[in-house]
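What follows is the residue order along each chain.
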Amino acid sequence: RASGSSSQLLAHLGTTTKNRDAQRRFRQRQREAFASMEARVRAQEQQLQSLYREKRMVEQHNEVLLRQLRAYEQNAEQQQQRQQQQEEEQKRQQARPPADTGHDDSYRPQLCCLCGSAIMQPR
């Protein structure tokens, strides 16, 4: 019986050693997996910060472009209004009968394309 008991004890010690080794390998794999996940989290956090910075830059650039667009639209509207006023003034000038001033009639008024004031030019 003593030999049976010692063989059981050796078998138990072998099993215990195997279990301890398996647990150690398992814990090592867990540490490695956890370290890998932490590294991925850090990399993704850095990528997220980079994307936030890029988003802010795009938003600022968009604001600049929108301000420029509004200025161009306002300028175009003002130019269109001036052009309409000039065209209306020209129509009024053409619709008026020439006044008999007793002066030389070889000059006729024209409108300045920039400010709309009358400019005398020869006919």
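Coordinates for the structure precede this section.
Quick notes on the rules
Residues numbered from 1 in each chain as written. Predicted model: local features only at pLDDT ≥ 70, side-chain atom pairs only at ≥ 80, totals over all residues. Heavy atoms only, no water. Helix = DSSP H or I, 4+ residues; strand = E, 2+ residues; numbered from the N terminus. Contact = heavy atoms within 4.5 Å. Areas by Shrake-Rupley, 256 points an atom, 1.4 Å probe, with all protein chains shown as cover. Patch = residues over 30% accessible without salt bridge, like charges linked within 9 Å, V, L, I, M, F, W, Y side chains within 5 Å. Salt bridge = Lys/Arg side-chain N within 4 Å of Asp/Glu carboxyl O. Buried < 20%, exposed > 50% of the residue type's maximum accessible area, 1.4 Å probe, protein only.

A.B. asks: I keep staring at the overall build of the protein and nothing clicks. Help me out?
C.D. replies: A tally of helices and strands in the protein yields one helix and two strands. Starting at the N terminus and walking to the C terminus, you meet the elements of the protein as α-β-β. Summarising the internal contacts of the protein: among those between residues at least 6 apart in sequence, 18% fall at separations of at least 24. As presented, the protein carries roughly 11,500 Å² of accessible surface, and 52% of it is formed by carbon and sulfur atoms.

A.B. asks: What should I look at first to understand the side chain of E89 in this one?
C.D. replies: Inspection of the secondary structure puts E89 in helix α1 (residues 2-95). Apart from residues lying up to four places away in sequence, E89 is in contact with R96 and L111.

A.B. asks: What is the right way to read a nonpolar patch on the surface from this model?
C.D. replies: On the surface, L9, L10 and L13 cluster together into a nonpolar patch covering about 310 Å² of accessible area. Inspection of the secondary structure puts L13 in helix α1. Residue L13 is classed as partly exposed on the basis of its relative accessible area, which comes to 44%.

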